[in-house]
Amino acid sequence: MSVRCRERAIAQVRAQVGKGKVVYGLSGGVDSSVVAVLLPVRTVGVMGDGRTYDQACALRAVTSTDGMTADYFTFDHAFLGRVVSRTINEVRGINRVTHDITSKPPGPIEWE
């Protein structure tokens, strides 16, 4: 997948979350983090009448007050449905979107 496709996927999530939300803040205390991660796996999907072998994207959002611990952010189910639908239909090369609900610990706030 090209850098341009990745940037479109990330922009898609940011557009859905809204400009009034904190997307990433590390000044003093950590507020929240929202990230779309392109996973290094191919998944099988169906688009139209054919199979697709494209990539998966994970959506991760957490909230934290200290940066040492974080809870996953609970998105509204309808919101997740819109994000998944738009991402799959508008970002070429992605046919699956997952929602990472791992808290910190054990998972770090960022993906590495």
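All values derive from a computational prediction rather than experimental measurement.

## Quick word on the overall build of the protein chain
Along the backbone of the protein chain there are two helices and four strands. Along its sequence from the N terminus, the protein chain presents helices and strands in the succession α-β-β-β-α-β. Buried positions account for 38% of the 112 residues belonging to the protein chain. Put simply, of all contacts in the protein chain between residues at least 6 apart along the chain, 61% involve residues at least 24 apart. Carbon together with sulfur atoms contributes 54% to the accessible area of the protein chain, which is approximately 7,100 Å² in total.

## Re the side chain of Asp 54
Among the structural elements, Asp 54 can be located in strand 2 (residues 50-63). Beyond its immediate sequence surroundings of up to four residues, Asp 54 is in contact with Val 41, Arg 42, Thr 43, Gly 93, Ile 94 and Asn 95.

## Here we look at the environment of Val 83
Here Val 83 is to be found in helix 2 (residues 77-90). Along the sequence, Val 83 and Val 97 sit 14 residues apart, while their C-alpha atoms lie 8.7 Å from each other.

## Section: the nonpolar core
Membership of the largest hydrophobic core is limited to seven residues, which are Val 34, Leu 59, Ala 61, Phe 75, Phe 79, Leu 80 and Val 83. Among the secondary structure elements, those contributing two or more residues to this core are strand 2 and helix 2. Take this core: its biggest share by element is three residues, from helix 2. If you look at the next biggest cluster of nonpolar residues, it comprises five residues, including Ala 36, Cys 57, Val 91 and Val 97.

## Thoughts on the pairing of strand 2
In terms of burial, strand 2 is largely enclosed, as ten of its 14 residues are buried. In terms of strand pairing, strand 2 meets strand 4 (residues 94-100) through six bridges, oriented parallel. For Arg 60, the partnering residue across the bridge sits in strand 4 and is Asp 100.

## Here we look at helix 2
In this model helix 2 runs 20 Å from its N-terminal to its C-terminal C-alpha over 14 residues, within 8% of the 20 Å that 1.5 Å per residue would give. Two or three places before Ala 78, at the opening of helix 2, Asp 76 has a side-chain oxygen 3.1 Å from that residue's backbone nitrogen.

## Let's talk about the packing of aromatic side chains
On inspection of all chains with the given rule, the structure shows two aromatic pairs. A centroid spacing of 5.1 Å and a plane angle of 75° characterise the contact between Phe 73 and Phe 75, whose relative ring orientation is edge-to-face. In this structure an aromatic cluster arises from ring pairing among Phe 73, Phe 75 and Phe 79.

## Some details on the pattern of salt bridges
Applying the stated criterion across every chain yields a total of two salt bridges. A salt bridge links Asp 100 to Arg 60, with the nearest nitrogen and oxygen atoms 3.5 Å apart. Within this pair, whereas Asp 100 is found in strand 4, its partner Arg 60 is found in strand 2, the two being separated by 40 residues in sequence. A relative accessible area of 15% places Asp 100 in the buried class.

Analysis parameters
- Along every chain, residues carry numbers that run from 1 in the direction the sequence is written.
- pLDDT decides what is reported in this predicted model: residues at 70 or higher carry local features, side-chain atom pairs at 80 or more are listed and counted, and totals for whole chains, interfaces and linings draw on all residues regardless.
- Side-chain numbers here rest on the full set of heavy atoms in the structure, without hydrogens or water.
- Counting from the N terminus, the helices are DSSP H or I runs at least four residues long and the strands are E runs at least two residues long.
- We call a residue buried when its accessible area falls under 20% of the maximum for its residue type, exposed when it is over 50%, and partly exposed in between, using a 1.4 Å probe and counting protein chains only.
- Note on contacts: a residue pair is in contact if any heavy atoms of the two residues lie within 4.5 Å.
- In these tables, accessible area is a Shrake-Rupley quantity obtained with a 1.4 Å probe, and a residue counts as shielded only by the protein chains included in the view.
- We define the nonpolar core as a collection of buried residues of types Ala, Val, Leu, Ile, Met, Phe, Trp, Tyr and Cys that are connected through side-chain atoms lying within 4.5 Å of one another.
- Strands are treated as partners if at least two bridges between them are detected by DSSP.
- Here the expected span of a helix is defined as 1.5 Å times the quantity of residues minus one.
- Within 3.5 Å is the distance limit for a polar contact, defined as a pair of N or O atoms, with the added protein rule that one can donate a hydrogen and the other accept it, and that residues adjacent in sequence qualify only through two side-chain atoms.
- Put simply, two rings from Phe, Tyr or Trp (the six-membered ring, in Trp's case) pair if the centres are within 6.5 Å, and we call them stacked under 30 degrees between planes, edge-to-face over 60, tilted for the rest.
- Counted as salt bridges are all cases of a side-chain nitrogen of Lys or Arg within 4 Å of a carboxyl oxygen of Asp or Glu.

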